[in-house]
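Residue-level structure breakdown
Okay, here's what each chain looks like letter by letter:
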Amino acid sequence: MFGMVACKQPAASNQEKSDSTATATQQQPQSADTAAHDHTHEDLTVHETGHLLGVWYDDAIKAPDGQSVAYEIVSDKKQQIFIQVITFTGTKITVNDIPPISPTATALKKTGNMYVSKSNAKEFYKVDKNGDLLIYDETGLLAQCKKIL
């Protein structure tokens, strides 16, 4: 289950996960750079690589080690969609346009303009007209994260 949310939140869970698929250099990311990277199966410690669909910055939460947090939505070769947490340090986040899909990524099902968690139908994500990622659960809106890529 994908439990860490904060961004600009009315109420949120502070359970924190981290994934180190991104790096950066100061507090608030100002831009996102993508880097194509050829991965061989041997150099991955994750399930596989995917196609990056978007990255959103969570300005209200930090990983346990103090790193900033962002969310990545990716699709794999089978067109399955996942959301995963990435962490970074600094203001300029660098993400991979062919990101590795973490074993802790949450599988999603696209339903209309929403992404619903396959493991918990009460957990869903929506990209609003401004491009922000809205994160919901059964209690309502948990977080609003700004799109950075």
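Notes on the structure in this doc start here. Bear in mind that the values here come from a model prediction, so they are computed numbers and not experimental data.

Regarding the overall build of the chain
- Secondary structure summary: the chain contains zero helices and 12 strands in total.
- Seen in sequence order, the chain has helices and strands lined up from the N terminus as β-β-β-β-β-β-β-β-β-β-β-β.
- Across the 149 residues that make up the chain, the buried fraction comes to 47%.
- Accessible surface for the chain amounts to roughly 7,700 Å². Of this, 49% is attributable to carbon and sulfur atoms.

Regarding the sheet that holds strand β11 (residues 133-137)
- If you trace the eight strands once around the closed barrel, you get β3-β4-β5-β8-β9-β10-β11-β12, paired in antiparallel fashion. Averaged over neighbouring strand pairs, the angle between their axes works out to 35° when direction is ignored.
- Direction of pairing for strand β10 (residues 124-127) relative to β11: antiparallel, over a ladder of four bridges. Its bridge partner lying in β11, Lys126 is registered against Leu134.

Considerations on the pattern of salt bridges
- This structure, assessed with the given rule, holds one salt bridge.
- Its salt-bridge partner being Lys146, residue Asp132 comes within 3.2 Å of it at the nearest N-O pair. Of this pair, Asp132 sits in the loop between β10 and β11 while Lys146 sits in strand β12 (residues 140-147), placing them 14 residues apart in sequence.

Digging into the nonpolar core
- The biggest cluster of nonpolar side chains holds 17 residues, and the ones touching the most others in it are Tyr71, Ile73, Ile83, Tyr125, Leu133, Ile135 and Cys145.
- When contributions to this core are tallied by element, the ones reaching two or more residues are β3 (51-62), β4 (68-75), β5 (81-88), β11 and β12.
- The next biggest cluster of nonpolar side chains, apart from the first, holds 12 residues, and it includes Val55, Val74, Phe82 and Ile86.

What to know about the environment of Lys146
- The class of Lys146 is partly exposed, set by a relative accessible area of 42%.
- Taking the C-alpha atoms as reference points, Lys146 and Tyr57, separated by 89 residues in sequence, lie 5.4 Å from one another.
- Filtering out sequence-adjacent residues up to four positions away, Lys146 remains in contact with Val55, Trp56, Tyr57 and Asp132.

Some thoughts on unusual backbone geometry
- Although it is not a glycine, Gln79 sits at a positive phi angle of roughly 65°.
- Looking at where Gln79 falls in the secondary structure, it is placed in the loop between β4 and β5.
- Given a relative accessible area of 62%, Gln79 falls into the exposed group.

Regarding the packing of aromatic side chains
- By the definition in use, this model includes two aromatic pairs.
- When the centroid spacing of 5.9 Å and the interplanar angle of 55° are considered together, the rings of Tyr57 and Phe88 count as tilted. Pair noted here: Tyr57 is in strand β3 and Phe88 is in strand β5, with a separation of 31 residues, a long-range link.
- When its relative accessible area of 1% is taken as the criterion, Phe88 is described as buried.
- Measuring from centroid to centroid gives 4.8 Å for Phe124 and Tyr136, while their planes differ by 10°, and the two rings are stacked. Placement of the pair is Phe124 in strand β10 and Tyr136 in strand β11, with a sequence separation of 12 residues.
- The ring of Tyr115 carries the charged tip of Lys110 above its face, separated from the ring centre by 4.8 Å.

Calculation rules
- Residues numbered from 1 in each chain as written.
- Predicted model: local features only at pLDDT ≥ 70, side-chain atom pairs only at ≥ 80, totals over all residues.
- Heavy atoms only, no water.
- Helix = DSSP H or I, 4+ residues; strand = E, 2+ residues; numbered from the N terminus.
- Buried < 20%, exposed > 50% of the residue type's maximum accessible area, 1.4 Å probe, protein only.
- Areas by Shrake-Rupley, 256 points an atom, 1.4 Å probe, with all protein chains shown as cover.
- Pairing = 2+ DSSP bridges.
- Axes fitted to C-alpha atoms, helices over the stretch in contact; angles between N-to-C directions.
- Salt bridge = Lys/Arg side-chain N within 4 Å of Asp/Glu carboxyl O.
- Core = buried A, V, L, I, M, F, W, Y, C linked by side-chain atoms within 4.5 Å.
- Contact = heavy atoms within 4.5 Å.
- Phe/Tyr/Trp six-rings, centres within 6.5 Å; stacked < 30°, edge-to-face > 60°.
- Lys NZ or Arg CZ within 6 Å of the ring centre and 35° of its normal.

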